[in-house]
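# Descriptive analysis of the structure
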Amino acid sequence: HGCLRKMASRSARSGITLHRILISTLFLSFLSGAWFFLIFHLKYSKLVTQDVNGWLPEYDSDTDIIAKNDKGNTFDLVEESADHSFIRGSSIDRSEDVERSDYEDESSDKDDSDVDQEIKDLQNNFEIETTTTTTSTTTTTTTTTTSTTTSEAPQLAQPNTTIEKNRLYCMVPYIWSPRFLHSYHAIHATWGKRCHIIRFFIDPIIGDSQVGYYNMTLASDTLAAAKNANLTLPNDVVVLHDMQRPWHSCEESDDEDKTCRNIWEKIWRAWVYVVTGKGGSTPAGSDVMVGANISEWFVKVDADTFLFPENLSRYVKARNWSYNDHHYFGHVLHHRVKDRGVPIVAGAAVFFSRATLLAAADSFQKMPMGNGNEEDDGTCGDAFTSTEEVVTAICLKEHSNIIAEPTIDSQGREEISLIEVDDIIVYNRTAMGEWWYWEGKKRFPCHDTGDCLSDLPLAFHGYKDSKFLLGLEKEFYGSVMKGEKDDSLAKRNDNKLAAFNWLNFDRTYNYFERVRAAMRVAAKEEESGSNIEIAKKLPVQGKNRLYCMVPFILAPKSMPSYEAIRNSWGKHCDTLKFFVDPIVKDDEGRFIDLRRSQNGTKMTLPKDVVVVYHIHRPWHTCESKKEGNCRNIWEKVWRSWLWIDDNGESDSSEWFVKIDADSYLFPENVKKYVVDNNMSPDDHHYFGHKLRHTEDRNLPPIVAGSAVFFSRATVKGAAAIFREFKYEEQNMSVRKCMDAHTSSEETLTALCLKQHLGIDAAHALDDLGDELIAVSPIEDSLLWNRTVDGEWWYWKNKPKTDPTTGREVHNCCGDFPIAFHGYKDPMWFYKLEDELYGMDDLPGISDKWKKYKWHNLNETKKYFDRIMRARNARV
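So, here's what we can say about the structure. Keep in mind the model is a prediction, meaning the values are calculated, not measured.

Conventions used here
- Residues numbered from 1 in each chain as written.
- Predicted model: local features only at pLDDT ≥ 70, side-chain atom pairs only at ≥ 80, totals over all residues.
- Heavy atoms only, no water.
- Helix = DSSP H or I, 4+ residues; strand = E, 2+ residues; numbered from the N terminus.
- Buried < 20%, exposed > 50% of the residue type's maximum accessible area, 1.4 Å probe, protein only.
- Contact = heavy atoms within 4.5 Å.
- Areas by Shrake-Rupley, 256 points an atom, 1.4 Å probe, with all protein chains shown as cover.
- Core = buried A, V, L, I, M, F, W, Y, C linked by side-chain atoms within 4.5 Å.
- Pairing = 2+ DSSP bridges.
- Phe/Tyr/Trp six-rings, centres within 6.5 Å; stacked < 30°, edge-to-face > 60°.
- Lys NZ or Arg CZ within 6 Å of the ring centre and 35° of its normal.
- Salt bridge = Lys/Arg side-chain N within 4 Å of Asp/Glu carboxyl O.
- Axes fitted to C-alpha atoms, helices over the stretch in contact; angles between N-to-C directions.
- Parallel < 35°, antiparallel > 145°, perpendicular 65-115°, else oblique.

Broken down by element type, the protein chain carries 25 helices and 36 strands. In the protein chain, which comprises 875 residues, the share counted as buried stands at 55%. In the protein chain, once contacts between residues fewer than 6 apart in sequence are set aside, the share between residues at least 24 apart is 71%. Of the roughly 38,600 Å² of accessible surface on the protein chain, 49% is carried by carbon and sulfur atoms.

Below, the structure written as structure tokens:
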């Protein structure tokens with residue numbers, strides 16, 4: 001404009017027309033633009049890194065909370081205040097006022113130059129040539145300055161022509177500022193090189209208060225950043241040009257550069273870019289790696305997270321997941337259900353299948369755009385907020401009804417650690433209480449024993465100092481994993497190799513050993529082309545044999561039940577055995593004590609009858625009456641479990657049920673249940689219809705005795721407990737795990753498993769929260785109504801709604817029931833068998849059951865029809 005004004009002034013004196021001036025100006029503008037484009041292209045393709053101390057990548061607010069345990073120790077987490085702001089805590093107080101740098105040996109202390117050297121040593125798959133950047137040429141040289149190092153950007157990856165089934169796209173939200181760049185190289189030197197594709201998504205503003213701020217959407221700022229601050233961008237960085245909220249100018253921030261927590265806008269714009277290629281650009285211009293088809297799986301991963309990309313493939317294969325189905329998974333937290341109505345995946349590592357990515361990007365493009373600095377309001381929309389995990393979960397649920405899936409193994413161990421591993425390895429749920437981390441999670445034994453991390457992890461989070469990323473690389477891929485000599489490793493008296501003297505060293509070291517072993521096995525099996533065996537294999541349908549143990553009284557009046565069980569549900573068990581007292585009653589009404597003749601010469605017993613000879617308390621005599629059924633069931637039950645293990649039958653099946661003789665069982669649905677819930681027989685499982693009225697007496701919840709299920713591991717563990725029992729003649733207590741004269745077998749079973757094995761009763765519900773085991777005849781259970789009936793023992797202390805879905809739970813009944821209870825007349829077993837499977841007449845068996853009528857006919861018929869439709873649909 002200045003030039004134009006001068007030319008106009010001169011033209012007035014020389015008679016040159018304004019028309020000619022405009023033509024000349026346009027021509028000069030064209031030449032200037034062409035020259036500018038050439039310079040811009042040359043300079044923009046160079047990478048300039050800052051060799052600075054420290055870094056603070058973006059962290060996710062919903063997973064970093066300050067909390068205290070009962071000893072007053074402060075955990076390095078975040079606590080949300082009432083105004084939805086988040087307070088950053090200091091490092092964990094380890095009760096001795098020890099900082100992480102203090103518990104490392106001097107031999108393992110490293111200054112920044114040491115870390116720089118380690119990064120260079122580890123960059124075998126991320127080669128960088130140092131260059132000098134000029135306006136006209138690119139010369140491969142080395143430039144040394146006091147504060148910066150220039151280096152050439154890695155070339156953008158080209159599409160892989162070999163189709164891999166489970167490729168992973170790694171999306172890292174980032175801030176391009178000198179104090180953060182150290183981590184960029186650490187990621188590339190470690191886990192980043194194992195991603196199929198990795199992209200760092202940044203705000204358009206780069207720099208800091210010392211070197212200045214530059215807007216990379218402006219060509220002039222792009223040149224100025226390179227010239228004045230020696231800052232250019234590598235080719236794997238995506239600038240999100242359309243971002244409306246700058247990261248660097250929050251008035252209320254305590255940060256030196258006033259860092260603003262606007263991560264949600266960056267996240268949703270990044271996912272839209274991944275699918276459409278719109279809203280951002282890379283220095284190289286066109287990014288060939290866009291579109292949902294470039295990978296099968298996608299992860300948003302924080303820059304302070306150490307990722308295991310290869311374990312993602314193992315994880316989804318083990319579960320037989322398809323990327324064409326909706327999967328949104330990671331470390332699921334439930335503390336936002338109460339105010340936002342959804343569980344969330346913690347931002348440390350948020351995984352999408354391809355189908356979920358497409359659904360997410362579609363919802364983000366359609367959602368209403370926010371107005372300036374408005375906070376999120378609990379709906380799917382653009383907003384000024386750091387709670388990206390919450391809004392992501394809301395959008396997926398509102399738009400596609402996609403719910404977060406927890407990444408846990410069959411033992412309930414987390415695949416993703418939200419805190420540094422050497423901290424979280426000793427977490428104890430009972431000691432810590434139900435703070436946000438534990439809130440709403442299904443309880444597993446490891447929650448109280450520690451070591452609750454999977455042997456094939458997906459990610460470890462919380463490593464703000466990039467030297468720990470390098471240390472973890474050594475643990476699982478480098479010198480520690482390979483057993484190589486490495487002078488940088490921690491020096492210890494016990495000769496254990498480790499990258500650092502980790503906090504809680506022995507437990508951390510043992511866990512790392514398990515991870516290394518599991519990864520070696522997985523890699524070896526992949527190389528040999530065999531199926532992947534993930535530490536403990538998920539159960540296979542054909543190997544889930546069911547052992548049915550029926551406590552029984554052998555007497556003429558009980559024989560119709562014996563025959564009915566064998567002719568109905570019992571024939572679907574893989575093993576069916578009736579466990580009887582040594583006192584039996586013959587057809588003439590005489591009591592026979594088989595203990596006096598253990599070979600059974602006085603009475604011929606069926607082969608499926610087991611005599612529990614060592615019972616001290618006979619069933620047929622009670623102090624209160626001369627004859628009758630004495631309720632000493634606890635002794636029979638614990639001795640029966642012991643018999644199974646002592647006689648080698650605990651290895652004959654994967655699953656075991658103690659089932660009452662008046663219960664009707666669905667063995668095939670038991671097998672479906674354990675498969676659907678990824679349950680391994682080699683892990684501890686104790687499940688059934690969970691009753692919680694015992695909590696009012698300070699006793700653990702119980703599994704109703706109508707059908708009590710154990711995994712093989714639990715049978716063996718329980719037998720080890722019972723093997724130590726001594727006969728307690730006078731004991732009638734139900735508050736100690738011991739032999740007792742009592743019918744409270746459910747309570748003592750729960751007490752023993754909890755006390756000795758840390759196993760809690762698990763409730764057998766379907767995905768909708770409906771009951772799978774009816775503790776009464778099914779036609780009665782269908783009529784039970786909590787509101788009408790009131791809070792009697794059956795409903796006592798049970799939750800009314802599912803914390804994940806908000807749906808009312810514990811209604812009767814699921815489409816794949818496991819058991820119905822309360823049929824004292826065994827003829828009902830034939831009626832049920834005929835209704836649900838069809839049954840031919842049996843010789844010698846009365847057919848009076850054909851005249852039986854359900855007293856709740858309409859509702860019962862409807863339910864049976866639903867069972868049949870579900871079964872047929874599954875087939």
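For the rest of this paragraph, the subject is the nonpolar core. In this structure, Tyr174, Trp176, Trp191, Leu307 and Phe351 are the most contacted members of the largest nonpolar core, which totals 124 residues. If you tally residues by element for this core, the top one is helix H6 (residues 263-276), at 10 residues. Non-local contacts of Trp191, meaning those with residues more than four positions away in its chain, are made with Cys170, Val172, Ile198, Val301, Thr305, Phe306, Leu307, Pro309 and Glu473. Counting 55 residues, the second largest nonpolar core, distinct from the first, contains Val674, Met679, Ile818 and Phe829.

A word on the pairing of strand S11 (residues 205-208). Residues Ile205 and Gly207 line one face of S11 and the alternating positions Ile206 and Asp208 line the opposite face, and both faces are buried. When S11 meets strand S12 (residues 212-215), the two strands line up antiparallel, connected through four bridges. Paired with Ile206 across the two strands is Tyr214, which belongs to S12. Here S11 folds back onto S12 in antiparallel fashion, the turn holding three residues.

Here the focus is the packing of aromatic side chains. With the rule as written, the count across this model stands at 66 aromatic pairs. Plain terms: the ring middles of Tyr315 and Trp321 are 5.6 Å apart, the flat faces sit at 85 degrees to each other, and that makes the pair edge-to-face. The burial state of Tyr315 is the same as that of Trp321; both residues are buried. Look at Phe687 and Phe709: their rings are 5.0 Å apart centre to centre, the planes differ by 10 degrees, and that puts the pair in the stacked class. Of this pair, Phe687 sits in strand S30 (residues 686-688) while Phe709 is found in strand S33 (residues 707-711), placing the two residues 22 residues apart along the sequence. Both residues of the pair, Phe687 and Phe709, count as buried. Ring pairs connect the aromatic residues Phe306, Phe308, Phe460, Tyr463, Phe468, Phe476, Tyr477, Phe500, Trp502, Tyr511 and Phe512, which therefore count as one cluster. Positioned above the aromatic ring of Phe816 is the side chain of Lys672, whose terminal nitrogen or guanidinium carbon lies 4.3 Å from the ring centre. A cation sits over an aromatic face here: Lys798 above Tyr794, 3.7 Å from the ring centre.

Here the focus is the pattern of salt bridges. A complete count under the given rule lists 57 salt bridges for this structure. For the salt bridge of Asp455 with Arg514, the shortest nitrogen-to-oxygen distance reads 3.2 Å. Here Asp455 is found in the loop between helix H13 (446-449) and strand S22 (459-461), whereas its partner Arg514 is found in helix H16 (residues 505-528), with 59 residues between them in sequence. Residue Arg514 is classed as partly exposed on the basis of its relative accessible area, which comes to 28%. Several salt bridges share partner residues, and in doing so they unite Arg429, Glu434, Arg443, Asp448, Lys754 and Asp760 into one network.

The contact between helix H9 (residues 354-366) and helix H10 (residues 388-400) brings their axes to 9 Å, and the two run at 95 degrees. Comparing their axes, H10 and H9 come out roughly perpendicular. Of the residues in H10, those touching H9 at Thr356, Ala359, Ala360, Asp362, Ser363, Phe364 and Lys366 are Cys395, Leu396, His399 and Ser400.

A word on the environment of Ser209. The topology assignment puts Ser209 in the loop between S11 and S12. Note: C-alpha distance between Ser209 and Ser177 (32 residues apart in sequence) is 9.6 Å.

On to the sheet that holds strand S28 (residues 655-659), then. Here seven strands make up an open sheet; going across it, the order is S27-S24-S23-S28-S33-S30-S34 and the pairing mixed. Looking along the sheet, the strands with just one partner apiece sit at the ends: strand S27 (609-611) and strand S34 (762-763). Summarising the sheet, S28 and S33 pair through five bridges and their orientation is antiparallel. Residue pairing in the sheet places Val657 in a bridge with Phe709 of S33. Relative to strand S24 (residues 575-580), helix H17 (residues 559-567) is tilted by about 165 degrees, and along the sheet it contacts strand S23 (546-552), S24 and S27. Each of S28, S30 and S33 is contacted by helix H21 (residues 745-757), which is oriented at about 145 degrees to S30, the strand it contacts most.

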